[in-house]
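# Overview (structure and organization)
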Amino acid sequence: MDILRFITAGSVDDGKSTLIGRLLYDSKSIMIDQIDAIKAHGKNKMNGVLDLSLITDGLRAEREQGITIDVAYKYFTTPKRKFIIADAPGHIQYTRNMVTGASNADLAIILIDARNGVEEQTLRHSLIASLLGTPHIIVAINKMDLVGYSQDVYNNIVIDYTAAAKTLKLNDVVYIPISALNGDNIVERSVNMPWYQGDSLLHYLETVKIQKDINLSDARLPVQYVIRPQSEKFHDYRGYAGKIMSGKYKRGDVVTVLPSGLESKIKSIEAGGREVEEASASQSVVVLLENDIDISRGDILVKKENRPSVSQDIEVMMCWMDNKPLQRGNKYLLQSNSKVIRSVVKEIEYKLDVNTFQKQFSPTEIKLNDIVKATIKTASPLVFDSYKKLRAGGSAILIDETSNLTVAACMIQ
């Protein structure tokens with residue numbers, strides 16, 4: 001049984017947590033004691049309807065304020081598929097949490113309050129989904145019960161969002177009118193909207209085709225650890241451990257160590273404590289080479305064909321995630337896979353206007369949640385792919401060395 005990872009996003013109070021609670025409740029994925037705890041909570045609706053948002057909003061501050069602050073992960077299974085859900089915050093100041101939750105998502109559900117239509121945070125989350133290359137987008141137009149299940153309201157929102165989706169080049173966008181509170185079009189088709197002829201939300205989630213991002217042509221093995229037991233039994237053992245990011249390796253392959261450019265041949269490959277002839281993407285392995293050459297954590301073993309780029313000047317699309325403004329010349333640690341390297345922001349080319357998607361060239365200041373294109377210069381050569389070609393090889397983060405906090409998520413161009 002395959003696994004679908006998806007995230008719910010959108011503006012504040014659009015009903016993301018309630019939607020997830022409804023999915024779990026109607027698919028019978030909640031334990032009885034959880035339901036009893038929700039019933040006992042003082043913030044349930046006045047008319048006796050369960051406040052299903054409490055299933056995901058687990059922090060005390062979330063329950064007191066009725067908002068989502070941290071990304072909450074929930075798991076459930078139907079007879080057709082397993083699901084991992086990330087409930088992202090809607091408030092602007094927590095947009096960075098949405099980036100974290102969406103980074104590995106196969107699908108994003110963008111919720112829109114039918115009363116309010118497309119808002120700024122809706123566009124910001126859609127822009128992030130576009131930058132992260134999220135394969136599938138569901139636009140769930142929620143709270144249809146509060147607009148009398150109006151088809152005209154639904155159609156107008158579809159028109160507005162379609163224009164934005166075209167500009168952002170979002171792929172595979174579907175629209176579903178729902179009421180998360182009442183369960184309309186969540187698990188079963190709603191009798192209140194006979195004009196809607198599409199799938200229910202759960203049916204679409206169960207049947208959407210998942211395109212797994214497994215690249216078997218570009219061989220990339222970032223070294224995470226050099227194994228040197230230096231014991232009598234393993235006196236000359238020198239293994240390079242890591243998880244194969246993409247491609248495949250077999251015994252006898254000639255590999256190049258980047259960024260140094262040194263070459264050797266694979267003597268053996270170990271996976272799961274035994275020798276194997278071949279290993280491929282997503283496997284954790286230990287590789288032994290015929291020559292004792294200088295290889296350290298952060299180096300990457302590649303094959304001659306389809307080599308990645310090696311440079312000290314890196315162009316990135318960046319989502320700024322720190323309260324301190326970003327300025328040209330600021331210095332940070334850049335981490336890409338297992339490589340951590342000192343870097344400086346060399347240039348800020350432009351900032352994207354979230355409402356118009358226009359480029360604002362040479363911005364004077366970059367604030368929390370701004371999205372910019374920048375050039376980063378690293379202290380030594382970095383090995384990378386473009387994010388569009390290989391997500392794992394083209395992603396990086398900037399870390400404030402003083403606070404040790406992540407300040408930016410980067411998609412390498």
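Remember, predicted model here, so these are calculated numbers, not experimental data. (Residues numbered from 1 in each chain as written. Predicted model: local features only at pLDDT ≥ 70, side-chain atom pairs only at ≥ 80, totals over all residues. Heavy atoms only, no water.)

## Overview of helix 1 (residues 16–26)
Burial runs high along helix 1: nine of the eleven residues are buried. Those residues of helix 1 lying buried are Lys16, Ser17, Thr18, Leu19, Ile20, Gly21, Arg22, Leu23 and Leu24. The positive-phi residue at the C-terminal boundary of helix 1 is lysine 28, with phi of around 60°. (Buried < 20%, exposed > 50% of the residue type's maximum accessible area, 1.4 Å probe, protein only. Helix = DSSP H or I, 4+ residues; strand = E, 2+ residues; numbered from the N terminus.)

## Details of the side chain of glutamine 121
If you trace the backbone, glutamine 121 turns up in helix 5 (residues 120–131). Residue classification places glutamine 121 among the buried positions, given a relative accessible area of 4%.

## Quick word on the packing of aromatic side chains
Within the structure shown, the criterion is met by six aromatic pairs. Plain terms: the ring middles of phenylalanine 76 and phenylalanine 83 are 4.6 Å apart, the flat faces sit at 15° to each other, and that makes the pair stacked. With respect to class, phenylalanine 76 is no different from phenylalanine 83; both count as buried. Ring plane angle 65° and centroid distance 5.7 Å describe the contact between tryptophan 320 and tyrosine 332, whose orientation is recorded as edge-to-face. Placement of tryptophan 320 in strand 17 (residues 309–320) and of tyrosine 332 in strand 18 (residues 331–336) is noted, with a sequence separation of twelve residues between them. Here tyrosine 332 falls in the buried class, since its relative accessible area comes to 9%. Against the face of tyrosine 249 rests lysine 303, its NZ or CZ located 5.8 Å from the ring centre. (Phe/Tyr/Trp six-rings, centres within 6.5 Å; stacked < 30°, edge-to-face > 60°. Lys NZ or Arg CZ within 6 Å of the ring centre and 35° of its normal.)

## Side note on the pairing of strand 21 (residues 371–384)
With ten of 14 residues buried, strand 21 lies mostly within the body of the structure. Of the pairings in the sheet, the one linking strand 17 to strand 21 comprises ten bridges and is antiparallel in character. Within strand 21, the position partnered with methionine 318 by the bridge is valine 372. (Pairing = 2+ DSSP bridges.)

## Topic: helix 5
In a regular helix each residue adds 1.5 Å, so twelve residues correspond to 16 Å; helix 5 covers 17 Å between its end C-alpha atoms and thus fits that length. For helix 5, the buried fraction is high: nine of the twelve residues fall into the buried class. Restricting attention to buried positions, one finds in helix 5 the residues Gln121, Thr122, Leu123, Arg124, His125, Ser126, Leu127, Ile128 and Ala129. Downstream of helix 5 by a residue or two, glycine 133 has a phi angle that is positive, lying close to 70°. (Expected span 1.5 Å × (residues − 1).)

## Concerning unusual backbone geometry
Of note, the amide linkage connecting leucine 258 to proline 259 takes the cis form, showing an omega dihedral of 15°. You can see proline 259 is positioned in the loop between strand 11 (254–258) and strand 12 (262–271). A positive phi angle is found at lysine 169, which is not glycine, with a value near 60°. Within the secondary structure layout, lysine 169 lies in the loop between helix 6 (151–168) and strand 6 (173–177). One non-glycine residue, serine 282, lies in the positive phi region at around 85°. Relative to the helices and strands, serine 282 resides in the loop between strand 14 (278–280) and strand 15 (284–289).

## Considering the confidence of the model for the chain
Model confidence for the chain is summarised by a mean pLDDT of 86, while 87% of its residues fall at 70 or above. When mean pLDDT is taken per element in the chain, strand 6 scores highest with 97 and helix 3 (residues 60–65) scores lowest with 42. Long-range and interchain partners of residues 58–69, a stretch whose pLDDT sits below 50, account for 27 contacts in this model, where long-range means more than four residues apart. (pLDDT = per-residue confidence, 0-100. Contact = heavy atoms within 4.5 Å.)

## So, the packing of helix 5 against helix 6
It is at 10 Å that the axes of helix 5 and helix 6 come closest, and there the two elements cross at 30°. As helix 5 packs across helix 6, the resulting crossing turns out to be right-handed. Residues Thr122, Leu123, Ser126, Leu127 and Ser130 of helix 5 form the contact with helix 6, whose participating residues are Tyr161, Ala164 and Leu168. Among the residues making up the contact of helix 5 with helix 6, the classes are represented as five nonpolar, three polar and no charged. (Axes fitted to C-alpha atoms, helices over the stretch in contact; angles between N-to-C directions. Left-handed = near helix turned anticlockwise from the far one by under 90°. Nonpolar A, V, L, I, M, F, W, Y, C, P; charged D, E, K, R; others polar.)

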